[in-house]
Amino acid sequence: MAKQEDQFKRVVSHAKEYGYIFQSSEIYDGLSAVYDYAQNGVELKKNIRDYWWKAMVQMNDNIVGIDAAILMHPTTWKASGHVDAFNDPLIDNKDSKKRYRADVLIEDYCAKIENKIEKEVTKAAKRFGDAFNKEEFITTNPRVVGYYEKINTILSRMGKSLENEDLADVKALIEELGIADPLTGSKNWTDVKQFNLMFGTKLGASAENAMDLYLRPETAQGIFVNFLNVQKTGRMKIPFGIAQTGKAFRNEIVARQFIFRMREFEQMEMQFFVKPGSQKKWYEQWKKNRMKWHLSLGMGAGNYRFHDHEKLAHYADAASDIEFKFPFGFKELEGIHSRTDFDLKAHETFSGKKLQYFDHEENKNYVPYVVETSIGLDRMFLAVFSHSLKEETLENGSTRTVLKLPSVLAPTKAAILPLVKKDGLPEVAKKIVADLKWDFNVAYDEKDAVGRRYRRQDANGTPFCITVDHDTLNDQKVTIRHRDTMEQQRVAITDLKDIITKEVSMKSWLQKM
Ligand code: GAP
């Protein structure tokens, strides 16, 4: 656990030191759970967004994008159910005065049992060596089976209680499990209450005439209310999708773990409109597609898993999370939800306008069903960034900090380094920068010894360093160094563009899907 915490602290401090993420309004001591993306962070974030957009919109003939406004008519949120049901169950500790999400306290309790399972598995793998069969072990070892049963019993009871709004039972469960305030150890809890997560704001100048609005808590509703506009103007035929990236706002009770849970964050969502009855097939298909997208980034299949929901949101008939192994354990990264016709039907009712599709094959109108994929851009950023940050011990015993970002996402693709600041080498290096910057984000660096410059670029996540030396003046060749392997090659300046393109282009990465 301490190791996990240390790794997470390293992630947060590295993100600041290398210009990725700053606390918002830091000079005023910051604003809780709000962050600013710095010069490198904004590039990494943009690259993740572009990678998603390319895979979802550009590569799918039947998906188009929109960019709806953050402010929407307030009836939107009545129709969507957010005014009545977008709540988190909260509980206060009477001694520490700290507030927690009751469901998160229970889930964290279960995560501790999962850690025990992992320890049993590691011990057994050591004991049995090559003969170890994990699947067999976890399904037959009595202690592990007992742990799994305990987790299932707890989570299904919690799911049922939340579903039935039985908040007294949620409190009883916390007490029965002996869950204590993680900060103080106190078990002196208040009752569990529901808390609405939407931020309110006002439209209009004078207090009497102002209209109460909400900052959108999800981007999805901007897509639902535009469903028919897009379908008609784009002459879209079902099945088709509408994608969008943009800010969402939630007044999270417990906003912690850096950019994992923020009050202002960005979502990348896609609503896929399908024929009623076919939603199960599309739900399974999008679960597969989205997992493939994640795996294309090469961060290891073992770091992802599906978690099918017991407790379904008010709009869903099936839902699953893609969880990622963050430094603090497996947590939700993306949700895939089969949202039925709940949203479109509710908007029909509240607006009095029809939101139906005329199916020429079936010769009838219907309200389509929707399968949604929804991923937090900031959460994806944290997944990529925390996974990529490594401390390596080199052959000579020294250590290096390296940010092994998937090169397609790296903010700077190459740094051009003149070996010395004289003899015409800076001029050649700057000419290379001037040529390459049409195609890639590149940097020029002439300060310090070249070894230190390599380390700086490693820590910054730059996949290539290109060094110009005295021989370059004669042979028009440079040394290209690969961040991850530290291998160096002598290549012609004229080949640089092709070499870099091969490694960093979205095409070569997305073709792995
Ligand atoms: N339209 C469906 C929807 O909003 P959600 O599970 O509430 O579903 C989808 O959110 C994704 O948005 C999550 O999987 C997560 O990646 C991201 N997300 C949600 N709340 C967040 C927060 N407070 N901070 C950062 N990301 C968040």
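Residues numbered from 1 in each chain as written. Predicted model: local features only at pLDDT ≥ 70, side-chain atom pairs only at ≥ 80, totals over all residues. Heavy atoms only, no water.

Moving on, we come to the overall build of the chain. Counting its secondary structure elements, the chain contains 18 helices and 23 strands. Compactness check: the chain gives a C-alpha radius of gyration of 26 Å against a globular reference of 24 Å for 513 residues, within 12% of the reference. For the chain, the spread of C-alpha atoms along the principal axes amounts to about 75 × 60 × 55 Å. By the burial criterion, 50% of the 513 residues in the chain qualify as buried. Of the contacts formed within the chain by residues at least 6 apart in sequence, a portion of 66% connects residues at least 24 apart. When the accessible surface of the chain is totalled, it reaches about 25500 Å², and 50% of it is carbon and sulfur. Here the chain contributes 77 positively and 74 negatively charged side chains, and the mean placements of these two sets differ by 1 Å. (Helix = DSSP H or I, 4+ residues; strand = E, 2+ residues; numbered from the N terminus. Rg over C-alpha atoms; globule rule 2.2 N^0.38 Å. Buried < 20%, exposed > 50% of the residue type's maximum accessible area, 1.4 Å probe, protein only. Contact = heavy atoms within 4.5 Å. Areas by Shrake-Rupley, 256 points an atom, 1.4 Å probe, with all protein chains shown as cover. Lys, Arg positive; Asp, Glu negative; His and termini not counted. Charge placed at Lys NZ, Arg CZ, Asp CG, Glu CD.)

Two numbers describe how helix H2 (residues 39-58) lies on helix H13 (residues 377-388): the axes approach to 10 Å, and their chain directions differ by 110 degrees. By the angle between their axes, H2 is roughly perpendicular relative to H13. Along its contact with H2, which presents Gly41, Leu44, Lys45, Ile48 and Arg49, the element H13 presents Leu377, Asp378, Met380, Phe381, Val384 and Phe385. In terms of residue class, the contact of H2 with H13 is made up of seven nonpolar, one polar and three charged. (Axes fitted to C-alpha atoms, helices over the stretch in contact; angles between N-to-C directions. Parallel < 35°, antiparallel > 145°, perpendicular 65-115°, else oblique. Nonpolar A, V, L, I, M, F, W, Y, C, P; charged D, E, K, R; others polar.)

Looking at the secondary structure, you find Ser32 in the loop between strand E1 (21-23) and strand E2 (35-37). For the pair formed by Ser32 and Phe258, sequence separation is 226 residues and the distance between their alpha carbons is 9.6 Å. There is a polar contact of 2.9 Å between the side chain of Ser32 and the side chain of Arg263. (Polar contact = N/O pair within 3.5 Å; in protein donor to acceptor, adjacent residues only side chain to side chain.)

Turning our attention to the packing of H2 against helix H11 (residues 279-295). The interhelical angle for the contact between H2 and H11, taken along N-to-C directions, is 140 degrees, at an axis separation of 11 Å. The pairing of H2 with H11 is recorded here as oblique in orientation. Relative to H11, H2 is oriented so that their crossing is right-handed. Facing H2, whose interface residues are Ile48, Tyr51, Trp52, Ala55 and Met56, H11 presents Trp286, Arg290 and Trp293. Across the contact of H2 with H11, the residue classes break down as seven nonpolar, no polar and one charged. (Left-handed = near helix turned anticlockwise from the far one by under 90°.)

A sheet is described by the order of its strands in space; here three strands give the open sequence E5-E4-E6, paired in antiparallel fashion. Across the chains shown, the open sheet's two edge strands, defined by having one partner strand only, are strand E5 (99-101) and strand E6 (193-196). Ignoring which end each strand starts from, the neighbouring axes of this sheet average 45 degrees apart. Strand direction decides the pairing type here: strand E4 (residues 87-92) and E5, joined by three bridges, are antiparallel. In the strand pairing of E5, Asp92 is matched with Arg99. The strands touched by helix H5 (residues 102-128) are E4 and E5; relative to E5, the strand with the most contacts, the crossing angle is about 70 degrees. (Pairing = 2+ DSSP bridges.)

Bringing the pattern of salt bridges into the picture now. Per the counting criterion, the structure on display carries 39 salt bridges. Arg157 is paired through a salt bridge with Glu176; the nearest N and O atoms lie 2.8 Å apart. Within this pair, whereas Arg157 is found in helix H7 (residues 142-163), its partner Glu176 is found in helix H8 (residues 167-176), the two being separated by 19 residues in sequence. The exposure class assigned to Arg157 is partly exposed, which follows from its relative accessible area of 25%. Take Glu176: its relative accessible area is 56%, and that puts it in the exposed class. Note that Asp484 is salt-bridged to Arg483, the shortest N-O span being 2.6 Å. For Arg483, a relative accessible area of 3% translates into the label buried. (Salt bridge = Lys/Arg side-chain N within 4 Å of Asp/Glu carboxyl O.)

A few words now on the domain arrangement of the chain. Structurally, the chain comprises domain 1 (10-66 + 216-390) and domain 2 (412-510). Of note, the centres of domain 1 and domain 2, computed from C-alpha atoms alone, are 36 Å apart. With 13 residues of domain 1 at the interface, the matching set in domain 2 holds nine residues. Here domain 1 and domain 2 share zero salt bridges between them. Scanning the region where domain 1 abuts domain 2 turns up four residue pairs in polar contact (both at pLDDT 80 or more). A per-element tally of the side of domain 1 that touches domain 2 places H2 first, with seven residues. Across the side of domain 1 that touches domain 2, the residue classes break down as six nonpolar, four polar and three charged. (Domains from an automatic or database assignment.)

A separate point is the sheet that holds strand E10 (residues 264-274). Read across the sheet, seven strands follow the order E3-E9-E10-E16-E13-E12-E11 without closing on themselves; strand pairing throughout is mixed. Bordering the open sheet on either side are strand E3 (63-65) and strand E11 (304-308), each of which pairs with just one other strand. Along the sheet, successive strands turn relative to each other by an average axial angle of 25 degrees, direction set aside.

Another aspect to go through is the packing of aromatic side chains. For any pair of aromatic rings, geometry is given as the distance between the ring centres together with the angle between the planes. Summed over all chains, the structure comprises 23 aromatic pairs. Measuring from ring centre to ring centre gives 5.4 Å for Phe260 and Phe328, while their planes differ by 80 degrees; the resulting arrangement is edge-to-face. On the criterion of sequence distance, the pair formed by Phe260 in the loop between strand E9 (240-249) and E10 and Phe328 in the loop between strand E12 (318-326) and strand E13 (329-340) is long-range, its members being 68 residues apart. Taking 5.4 Å as the distance between ring centres and 65 degrees as the angle between the ring planes, the aromatic pair formed by Phe272 and Trp286 counts as edge-to-face. Of this pair, Phe272 sits in strand E10 while Trp286 sits in helix H11; the two residues are 14 residues apart in sequence, bridging distant segments of the chain. Side by side, Phe272 and Trp286 carry an identical accessibility label, which is buried. The aromatic ring of Phe306 is capped on one face by Lys287, whose charged end is 4.8 Å from the ring centroid. (Phe/Tyr/Trp six-rings, centres within 6.5 Å; stacked < 30°, edge-to-face > 60°. Lys NZ or Arg CZ within 6 Å of the ring centre and 35° of its normal.)

Let's shift gears to unusual backbone geometry. A cis amide bond links Ile238 to the next residue, Pro239, at an omega of 5 degrees. Tracing the backbone shows Pro239 in the loop between helix H10 (227-233) and E9. At Ala33, a residue that is not glycine, the phi angle is positive and equals roughly 60 degrees. Examined against the element boundaries, Ala33 turns out to sit in the loop between E1 and E2. The phi dihedral of Phe258 is positive, around 60 degrees, even though this residue is not glycine.

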